[in-house]
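Examination of the molecular architecture
These are the residues of each chain, in order.
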Amino acid sequence: MDLPRFKYHPDPVATGSVKASEVQCACCRQVRGYIYTGPVYATAELDESLCPWCLADGTAHEKFAASFVDEAGVGGYDQWDAVPAEVVAEVAHRTPGFTGWQQEQWWTHCGDAAEFLGVAGYAELQEYGEEAVAFIRAAFSEESDLQGQELDDAFQEFDRDHGPTAYVFRCRHCHKLGGYWDCH
Ligand SMILES: [Zn+2]
Ligand SMILES: [Zn+2]
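Now for a quick tour of the structure. (Residues numbered from 1 in each chain as written. Chains lettered and ligands numbered in written order. Predicted model: local features only at pLDDT ≥ 70, side-chain atom pairs only at ≥ 80, totals over all residues.)

1. Overview of the overall build of the protein chain
Applicable threshold: Think of it this way: any DSSP run of H or I at least four residues long counts as a helix, any run of E at least two long counts as a strand, and we number them from the N terminus. We take the radius of gyration over the C-alpha atoms and set the globule estimate at 2.2 Å times the residue count to the 0.38 power. Three exposure classes are used, all based on how many other C-beta atoms lie within 10 Å of a residue's own C-beta (placed from the backbone): buried at 20 or more, exposed at 12 or fewer, and partly exposed between those limits. Placing C-beta atoms from the backbone, we regard two residues as in contact once those atoms come within 7 Å.
Across its full length, the protein chain holds seven helices and seven strands. Each helix and strand of the protein chain, ordered N terminal to C terminal, gives the series α-β-β-α-α-α-β-β-β-α-α-α-β-β. Taking 184 residues into account, the globule formula puts the C-alpha radius of gyration at 16 Å, and the protein chain, at 17 Å, falls close to it. For the protein chain, the spread of C-alpha atoms along the principal axes amounts to about 55 × 35 × 30 Å. The buried share of the protein chain, taken over its 184 residues, is 40%. Across the protein chain, contacts joining residues at least 24 apart in sequence account for 62% of those joining residues at least 6 apart.

Listed below in structure tokens is the structure:
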């Protein structure tokens, strides 16, 4: 069965937010073959127990009042483009989230939420290309106050599994790559 399409998270299997699993979904009670592994903000304990179909059609959100991304994190707590309330709702309530070291944020650009492409260390950032490298390096420089060789050395320590870690997004309109970084 084809996975549902997520406008803001095009390949959740590649990012690790959805994995093949024979676990029964806590929402539809079916074994669909895939389960959501990212964060769930709800009063019920729902870790690794929702299928991507129940995320996509909003039933998991409705049934459990669950969010998968913090609403205020869409736009990075007002540091990036503001987006319409329906975009915040689609990202927070009907899109697989991802797991960061700190409260996750969702990059916005051109007045819309961007597509989440994945978590990245130094090696993965190189694969995304110069634009992603430059964007994350600039954000890192700004927040760490490092410069020159010190900045280069610290930037090369970026690691997908240990942090500091980058979260890479692509604008759905101008296709610019961007995102943010965090660490423990
Ligand atoms: Zn389900
Ligand atoms: Zn854009």
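2. Description of the sheet that holds strand S7 (residues 177-182)
Test applied: Strands qualify as paired when DSSP identifies two bridges or more between them. To obtain each axis, a line is fitted to C-alpha atoms, and for helices this fit is confined to the stretch in contact; angles are then taken between N-to-C directions over 0 to 180 degrees.
Reading across the sheet, the three strands line up as S5-S6-S7 and stay open at both edges, with antiparallel pairing between neighbours. Every other strand in the sheet has two partners, leaving strand S5 (115-120) and S7 as the edge strands with one partner each. Here the strands of the sheet are splayed against their neighbours by 25 degrees on average, with no regard to which way each runs. By the bridge criterion, five bridges tie S5 to strand S6 (residues 165-170) in an arrangement that is antiparallel. By the bridge assignment for S6, Glu-115 is matched with Arg-170. The strands that helix H6 (residues 130-144) touches are S6 and S7; relative to S7, the one it contacts most, it runs at about 40 degrees.

3. As for the pairing of S7
Of all six residues that make up S7, five are buried, and the element is covered over most of its length. Taken together, the six bridges between S6 and S7 define a ladder with antiparallel strand orientation. Note on S7: the bridge partner recorded for Ala-166 is Trp-181. Count of turn residues in the S6/S7 antiparallel hairpin: six residues, of which His-175 carries a positive phi of about 65 degrees.

4. Section: the environment of Gly-73
Take Gly-73: it is sitting in the loop between helix H3 (59-64) and helix H4 (85-94). Judged by local crowding, Gly-73 falls into the partly exposed class, with 19 C-beta atoms found within 10 Å. Through-space distance from the C-alpha of Gly-73 to that of His-175 is 21 Å; in sequence the pair is 102 residues apart. Every residue in contact with Gly-73, bar those within four places of it in the chain, is listed here: Gln-103, Glu-104, Gln-105 and Trp-106.

5. Examining H4
Those residues of H4 lying buried are Val-88, Val-91, Ala-92 and Arg-94. Close packing links the buried residues of H4 with helix H2 (52-56), H3 and strand S4 (112-113).

6. Structural notes on the environment of Val-87
For Val-87, the location among the structural elements is in helix H4. Residue class for Val-87 comes out partly exposed when judged on the 19 C-beta atoms lying within 10 Å of it. Val-87 sits 71 residues away from Gly-16 along the chain, and the two C-alpha atoms are 23 Å apart. If we ignore the near neighbours within four places in the chain, the residues touching Val-87 are Asp-112 and Ala-113.

Purely geometric numbers; function is a separate question.
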